[in-house]
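What follows is the residue order along each chain.
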Amino acid sequence: MRVHHLDCAPMREIEPAGGPGSPLRPARAAGHVLLVETDSSGLVLVDAGIGLGDIARPSERLLDDWVEMAGPVLDPAATAVRQVEALGHSPADVRHIVPTHLHRDHAGGLSDFPDAAVHLFEAEHADGGKTPAQLAHGPKWVVYEDGGGETWHGFGGVRALDGVAGDILLVPLGGHTPGHAGVAVRDGDRWLLHAGDAYMYHGEVDRPEPVVHPLMELVQAGGEVDRELRLANVARLRELALGGEVEVFCAHDPWELARYR
């Protein structure tokens, strides 16, 4: 198993929450995507970022108000499909995609891999995301019932993926969307947990007294569907991160992404 950390949806530049005195420099909000090379299941993407279709038809697939707000860098070279190719693989080698949720900056790249199985919880499948045009190609859905499953590091309802080795797990992290999920990936002797948009700034999980990012918190508040549930999940993510049990990161924090790149 080999894990690559990609940025497949670079967006507007943001300041760190610490302001001018922070040791962190301003950076573009990221679209943190994992490309996992498995031994027996081909390539697996965790999230799909912005796709070629979004770049060709942003008004239809991303919508103008979101483009104005988020300021995405609509560069074909940043798409998952082009980065997969740059690493020497064929797009057909991507056999599975595991979106944390179906918002436009996470699901746009699905149509660049039309033959891949797309794994998600039934509540997310029913919700259908924000822009149906991104899903008009008819993804090959693999839908998991909400509830049941196994327990993993304090999270219940966890599912192993059909047709994928057991080192990649779908972890319920509801609140941002109805069926929002984290995706756990075993990388050697450690577990990585891609927490999607459960939180958006590292200060929410890397210290006992959390610090939110004012702009990212505004974005979160405008999109979340169950704040109480989301914050309960963030509290558990904080316990994991501080306890060193699991490496936790989210989708949009560029300073977290920089740790892995």
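Residues numbered from 1 in each chain as written. Predicted model: local features only at pLDDT ≥ 70, side-chain atom pairs only at ≥ 80, totals over all residues. Heavy atoms only, no water.

Selection rule: UniProt positions are given in the numbering used here, feature names are shortened, and annotations may be inferred rather than shown by experiment.
As recorded in an unreviewed UniProt entry, the protein goes by MBL fold metallo-hydrolase and comes from Actinomadura monticuli. Under the UniProt heading Sequence similarities (unreviewed entry), the note attached to the protein is "Belongs to the metallo-beta-lactamase superfamily."

**Some words on the pairing of strand S1 (residues 2-7)**
This is how the line gets drawn: Burial classes: relative accessible area under 20% of the type maximum marks a residue as buried, over 50% as exposed, and values in between as partly exposed (1.4 Å probe, protein chains only). Elements are defined by DSSP. Helices are runs of H or I of four residues or more, strands are runs of E of two residues or more, and each kind is numbered from the N terminus. Strands are labelled as partners when DSSP assigns at least two bridges between them.
For S1, a buried count of five out of six residues is recorded, marking the element as mostly surrounded by other parts of the structure. Across six bridges, S1 lies against strand S4 (residues 32-37) in antiparallel orientation. Bridging from a neighbouring strand, Leu-6 pairs with Val-33 of S4.

**Considering the pattern of salt bridges**
Using the following cut-off: Salt bridges are defined as contacts in which a side-chain nitrogen from Lys or Arg sits within 4 Å of a carboxyl oxygen from Asp or Glu.
Tallied over the full model, the rule gives twelve salt bridges. Across the salt bridge formed by Arg-236 and Glu-239, the nearest N and O atoms sit 2.8 Å from each other. Of the two residues, Arg-236 and Glu-239 are both situated in helix H8 (residues 227-243); the distance of three residues between them amounts to about one turn of the helix. Here Glu-239 falls in the partly exposed class, since its relative accessible area comes to 48%. One continuous salt-bridge network, built from bridges that share partners, spans Glu-217, Glu-224, Arg-227 and Arg-230.

**Remarks on the packing of aromatic side chains**
Note the following rule: Pairing of aromatic side chains requires ring centres within 6.5 Å, counting the rings of Phe and Tyr and the six-membered ring of Trp. Pairs whose planes differ by under 30 degrees are stacked, by over 60 edge-to-face, and all others tilted.
For the structure shown, the criterion picks out three aromatic pairs. Pairing Tyr-201 with Trp-255 gives two aromatic rings, centres 6.0 Å apart and planes at 90 degrees, and the pair type is edge-to-face. Residue Tyr-201 is located in the loop between strand S13 (190-194) and helix H7 (214-223), and its partner Trp-255 is located in helix H9 (residues 254-260); the two are separated by 54 residues in the primary sequence. By relative accessible area, which is 4% here, Tyr-201 ends up buried. Classification of Trp-255 by relative accessible area gives buried; the value is 10%.

**Points about the nonpolar core**
For clarity, the cut-off: The criterion is simple. A nonpolar core is a set of buried Ala, Val, Leu, Ile, Met, Phe, Trp, Tyr and Cys residues joined through side-chain atoms within 4.5 Å. Every residue pair with non-hydrogen atoms within 4.5 Å of one another is taken to be in contact.
With 38 residues, the main nonpolar core has Trp-152, Leu-193, Tyr-199 and Leu-237 as its most contacted residues. In contact with Trp-152, not counting residues within four places along its chain, are Val-158, Leu-169, Val-171, Ala-184, Trp-191, Leu-193 and Val-246. Judged by nonpolar contacts, the second largest core, of 20 residues, contains Val-84, Ile-97, Leu-110 and Leu-120.

**What about empty space enclosed by the protein?**
Under the convention used in this document: Site definitions follow a grid-based scheme: protein atoms alone, a 1 Å grid, a 1.4 Å probe that fits but cannot get out for cavities, and for pockets an open set with protein on both sides within 12 Å along at least five of seven lines, plus lining residues having an atom within 4 Å of a point. Grid points are joined across faces, edges and corners, and a volume is the space filled by probe spheres set on the points. The nonpolar class holds Ala, Val, Leu, Ile, Met, Phe, Trp, Tyr, Cys and Pro. Asp, Glu, Lys and Arg form the charged class, and all remaining residues, Gly among them, are polar.
Applying the stated criterion to the full structure yields one cavity of 30 Å³ or more. Of the voids in this model, the largest cavity is the one considered here, and its volume is about 30 Å³. As for the largest cavity, its lining consists of Cys-8, Ala-9, Pro-10, Ile-50, Ile-55, Val-73, Leu-74, Asp-75, Ala-78 and Thr-79. The residue inventory of the lining of the largest cavity, partitioned by class, reads eight nonpolar, one polar and one charged.

**Concerning the layout of surface pockets**
Volume-wise, the largest pocket comes out at about 470 Å³. Lining the largest pocket we find 20 residues, and of these Trp-66, Met-69, Ala-70, Asp-105 and Val-219 sit closest to its centre. For the lining of the largest pocket, the elements supplying multiple residues, two or more each, are helix H3 (64-70), helix H5 (104-107) and H7. Among the elements that take part in the lining of the largest pocket, H7 stands out by supplying five residues, more than any other. Partitioned by chemical class, the residues of the lining of the largest pocket number ten nonpolar, five polar and five charged. The wall of the second largest pocket is formed by 16 residues, among which Pro-172, Leu-173, Gly-174, Pro-178 and Leu-229 lie closest to the centre. In terms of residue class, the lining of the second largest pocket is built from six nonpolar, eight polar and two charged.

**Examining the sheet that holds S13**
Our working definition: Angles shown run from 0 to 180 degrees and are taken between the N-to-C directions of axes, each axis being a line fitted to C-alpha atoms and, for helices, limited to the stretch in contact.
Taken in spatial order, the six strands make up an open sheet running S9-S10-S11-S12-S13-S14, and their pairing is mixed. For this open sheet the edge positions go to strand S9 (150-152) and strand S14 (247-249), each flanked by a neighbour on one side alone. Between one strand and the next, the sheet's axes are offset by a mean angle of 35 degrees, whatever the strand orientation. Pairing between strand S11 (residues 168-172) and strand S12 (residues 181-187): five bridges, direction antiparallel. Bridge pairing in S12 links Ile-168 to Val-185. Lying on the sheet, H8 is in contact with strand S10 (155-160), S11, S13 and S14; it crosses S10 at an angle near 80 degrees.

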